[in-house]
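Structural description and commentary
As a plain string of letters, each chain reads:
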Amino acid sequence: MTWNWNYVVESLPAIFQGMWITLGLTIACYLFAMLFGFVWTFVRRIPWRPLQMIIAFIMEFIRSTPPLVQLFFLYYAWPMVPYVGLTLDPITVAIIGLGVHFSTYIAEIYRSGIESIDKGQWEAATALNLSLKDKWTKIILPQAIPPTIPMLGNYLIIMFKEVPLTSTIGVAGMLHMANNFGSKNFAYLEPLTLVAVFFLVMSYPTAVLFRKLEQRMNRRFDKNNPTGKIDKGVVT
Amino acid sequence: MQGINITVTVLIASAVLSYLIAFIAGFGRLSNNIFIRKFTGFYVEVFRGTSLIVQLFWFYYALPGLFDIHLATDFWAAVIAIAMNYGAYMSEIVRGSILSVAKGQREAATALNMSRFQRMRLVILPQAVRMMLPEFGNYLIQMLKATSLVSLVGLTDILYHGDVFRSTHLSLAPTVYILILIFYFILALPLIWLTRWAEKQSSKGVASE
Amino acid sequence: MAKPIAVYNDVHKSFGEVEVLKGIDLEIAPAEKVALIGPSGSGKTTIIRMLMTLEQPTSGTIVVDGQYLWHMEKNGELVPANEKHLRQVRGDIGMVFQHFNLFPHMSILENCMVAPINVKGVPKKEARQRSVEMLEKVGLGDKLDDYPSQLSGGQKQRVAMARALVMRPKIMLFDEVTSALDPELVGEVLEVIRDIAREGEMAMVLVTHEMDFARDIADRVVFLDEGRIAEQGTPEQVLENSESERLNSFLSRFRS
Ligand SMILES: Nc1ncnc2c1ncn2[C@@H]1O[C@H](COP(=O)(O)OP(=O)(O)O)[C@@H](O)[C@H]1O
Ligand SMILES: [Mg+2]
């Protein structure tokens, strides 16, 4: 066993520095995904079959191909694309790449939220002569969004765990710093373990928080299970 | 295109191993034995709480430093990382499905005077597995995407070959990556269909309530 | 007869291949109370939903207060209405639904205030005052800050009426507003409708299976059968002295 506490302490500053990048990038990618998710959701509602099918196909394509390859495409290939090609810095690539990838999942969540609203709500809003904008902002979205918050929250955690992918295109997050530090000293154990611990320490409490929230939401929305207790029991 | 076989082999090996782990850990978390329960719970939270790419690097670079363990080859380091990670996620599916079936069917099965083992094997599992299938399918697609990471620890999969080719033919980069993306999509298609089919199946044969 | 507030002119409606309304001609006078009766599936709901702009006629025209509802005139020609036109004409119409359709995320006061404020630009204070008055009128003055989930079915339906009334429509549509209620709650809702009807100025179209109630408040009863208006007249004519076999066999189901 070769665990070296001094080395752990030495590697801390670099990893800390990377942590801020990782956290900041997580938030940025997540916000981008939330916003872009709206774009998918609304474009898909345009009542024109061919467009809907094309959008559904594009979303399926983005969702079922690796985000790593998508990052490489944006980073290495996009500048070479004729006419629209553009050289992007790694952070921008990360935000767009991961943001768009996860926006396809987020859009699905929005959609399920919107479709869960009874059509009587739309009709009542029409009968009261509300404008299209008011129908969405005052009637539909305020009902559709709250039940999706736990699911959306989960994607924040998922995003956090995907962000280290961007180390491959040179974003100096936690994993990147740990790898650099490790390769300088030919010893990866401590810095990589430290990174893993950091991830765990940050994502586990957040996950617990969202699980609690989800239970409370279930309680509010599930009439068959008014206490909202999740059965943790042992199968007997 | 080269590397297809690596991608596919890694996928199959990780899938088989991860389903195995998912069942072991899923049952572990439902065990009567508190140590087994705590231990599997700990495993699940650690692997869900850290990132797959971090785990992969840890198995590849760090583990040999500790204990002097070498996971035989790069191939196995990669497969074990992916399988442990997705096994942890899917154990939650196993546990959740069994619990939700067990809740509704326990009394009926007890009334038939079945033993605990019979109950699990004859009544609960057949329904629970059907419930798990669509989620298993979804995770299979996730695993396919995750196999692209193995190129980062030196496995010569499709992405690895693509990268090598791109570094010598810079202007062809767009073509290379688009081809790779299409390749992954083609591999994903049957998995997508399988998942949809499983969704239909699962909505059929499960007692609701 | 005064200039009608709503006119259906040879209105047809098909869902896919199935024609459910086969030429409806109907005039509703201002302040007139019309009861629409008929077997289930005869097209009653569809008729009033078209007036509420929730369903578009396949052919024919509907005129509300002198203006085409589903059409607008452009260079002397009738073209399909756009949303702006619909919103303008729709302002005269209000509707109460079978399943209430209250907004569950708003208190009952907010349910009543949302439309006057956002659609008519009524100042918040005035909208509040009008809503409170209306809720008091339907007997819910003590529940202003409750949420729909805290109310009984009868109370919900009374809120729904207050919500529609605050908009001061010229025509109110009621689609079987008591048929989703427990029997003991029907009375309180009918009582409120009776009150509204007595006040007069507003035209009302009521789809209902409560024959005694219809006789009581309606100026005219319209019997709809298989997508056509089969009989119409005063309550006495239609409900008591009709020769029509279909109508009498329909009515016999409601006599105990
Ligand atoms: N959105 C719709 N799509 C297809 N068919 C419909 C739709 N709405 C109503 N119908 C059909 O039209 C007919 C008339 O329905 P409706 O107006 O609801 O009758 P009523 O209210 O008199 O019971 C029924 O046969 C019904 O099945
Ligand atoms: Mg009806």
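**With respect to the interface of chain C and chain A**
Taken together, the contacts link 22 residues of chain C with 17 residues of chain A. With both sides pooled, the region where chain C packs onto chain A buries about 1,700 Å², and carbon together with sulfur makes up 60% of that total. Our enumeration of links across chain C and chain A arrives at 1 salt bridge. For arginine 49 of chain C, the salt bridge identified is with glutamate 123 of chain A, shortest N-O distance 2.8 Å. Between the two partners, chain C and chain A, sit 7 residue pairs in polar contact (both at pLDDT 80 or more). For the side of chain C that touches chain A, the secondary structure elements donating two or more residues are helix H2 (83-90), strand S8 (93-96) and helix H3 (108-120) of chain C. For the side of chain C that touches chain A, the element with the most residues is H3 of chain C, which contributes 4 residues. Residue composition of the side of chain C that touches chain A, grouped by class: 13 nonpolar, 5 polar and 4 charged.

**Details of the sheet that holds strand S3 (residues 33-37) of chain C**
Residues and elements named next belong to chain C. The strand order S8-S9-S10-S3-S11-S12 describes an open sheet built from 6 strands, whose pairing is mixed. A single partner strand is all that each edge strand has here, and the edge strands are S8 and strand S12 (228-233). When strand polarity is set aside, the average angle formed by the axes of neighbouring strands in this sheet is 20 degrees. As paired strands, strand S9 (residues 171-175) and strand S10 (residues 203-207) are joined by 5 bridges and run parallel to one another. Looking at the pairing, aspartate 175 lines up with valine 207 of S10.

**Section: the confidence of the model for chain C**
Per-residue confidence for chain C gives a mean pLDDT of 93, with 99% of residues at or over 70. The ipTM for the predicted assembly is 0.92, set against a pTM of 0.86.

**A few points about the side chain of serine 42 of chain C**
Assignment of secondary structure puts serine 42 of chain C in the loop between S3 and helix H1 (44-51). Here the side chain of serine 42 of chain C touches proline 39 of chain C through a polar contact of 2.6 Å, landing on its backbone oxygen.

**Points about helix H6 (residues 158-168) of chain B**
Structurally, the α-helix is built with 3.6 residues per turn, so residues lying three or four positions apart point the same way. Taken residue by residue, H6 of chain B has Ile158, Leu159, Gly162, Asp163 and Arg166 of chain B as its buried positions. For H6 of chain B, the angular spread of the buried residues around the axis is 135 degrees, confining them to a single face.

**Quick look at the site of ligand 1**
Residue and element names in this part refer to chain C. In the neighbourhood of ligand 1, the contacting residues comprise Phe15, Val20, Pro39, Ser40, Gly41, Ser42, Gly43, Lys44, Thr45 and Thr46. Taking glycine 41, its main chain carries an N or O atom lying 2.7 Å from an oxygen atom of ligand 1. At 3.3 Å, a backbone N or O of serine 42 approaches an oxygen atom of ligand 1. Per-class residue counts for the shell around ligand 1 are 3 nonpolar, 6 polar and 1 charged.

**Concerning the side chain of glutamine 70 of chain A**
If you trace the backbone, glutamine 70 of chain A turns up in helix H3 (residues 67-77). When residues no more than four places from it in sequence are discounted, the contact partners of glutamine 70 of chain A are Phe61, Ile62, Thr65, Gly97 and His101 of chain A together with Leu181 of chain B.

**Topic: the interface of chain A and chain B**
Between chain A and chain B, the residue contacts involve 44 residues of the former and 53 residues of the latter. Together, the buried faces of chain A and chain B total about 4,200 Å²; carbon and sulfur atoms form 72% of this surface. Applying the counting criterion to the chain A and chain B interface returns 2 salt bridges. The partner of glutamate 45 of chain B in a salt bridge is arginine 211 of chain A, and the shortest N-O contact between them spans 3.4 Å. Applying the counting criterion to the chain A and chain B interface returns 11 residue pairs in polar contact (both at pLDDT 80 or more).

Scoring rules and cut-offs
Residues numbered from 1 in each chain as written. Chains lettered and ligands numbered in written order. Predicted model: local features only at pLDDT ≥ 70, side-chain atom pairs only at ≥ 80, totals over all residues. Heavy atoms only, no water. Contact = heavy atoms within 4.5 Å. Buried area = accessible area lost by both parts, 1.4 Å probe. Salt bridge = Lys/Arg side-chain N within 4 Å of Asp/Glu carboxyl O. Polar contact = N/O pair within 3.5 Å; in protein donor to acceptor, adjacent residues only side chain to side chain. Helix = DSSP H or I, 4+ residues; strand = E, 2+ residues; numbered from the N terminus. Nonpolar A, V, L, I, M, F, W, Y, C, P; charged D, E, K, R; others polar. Pairing = 2+ DSSP bridges. Axes fitted to C-alpha atoms, helices over the stretch in contact; angles between N-to-C directions. pLDDT = per-residue confidence, 0-100. Buried < 20%, exposed > 50% of the residue type's maximum accessible area, 1.4 Å probe, protein only. Arc of directions from axis to C-beta. Near = heavy atom within 4 Å.

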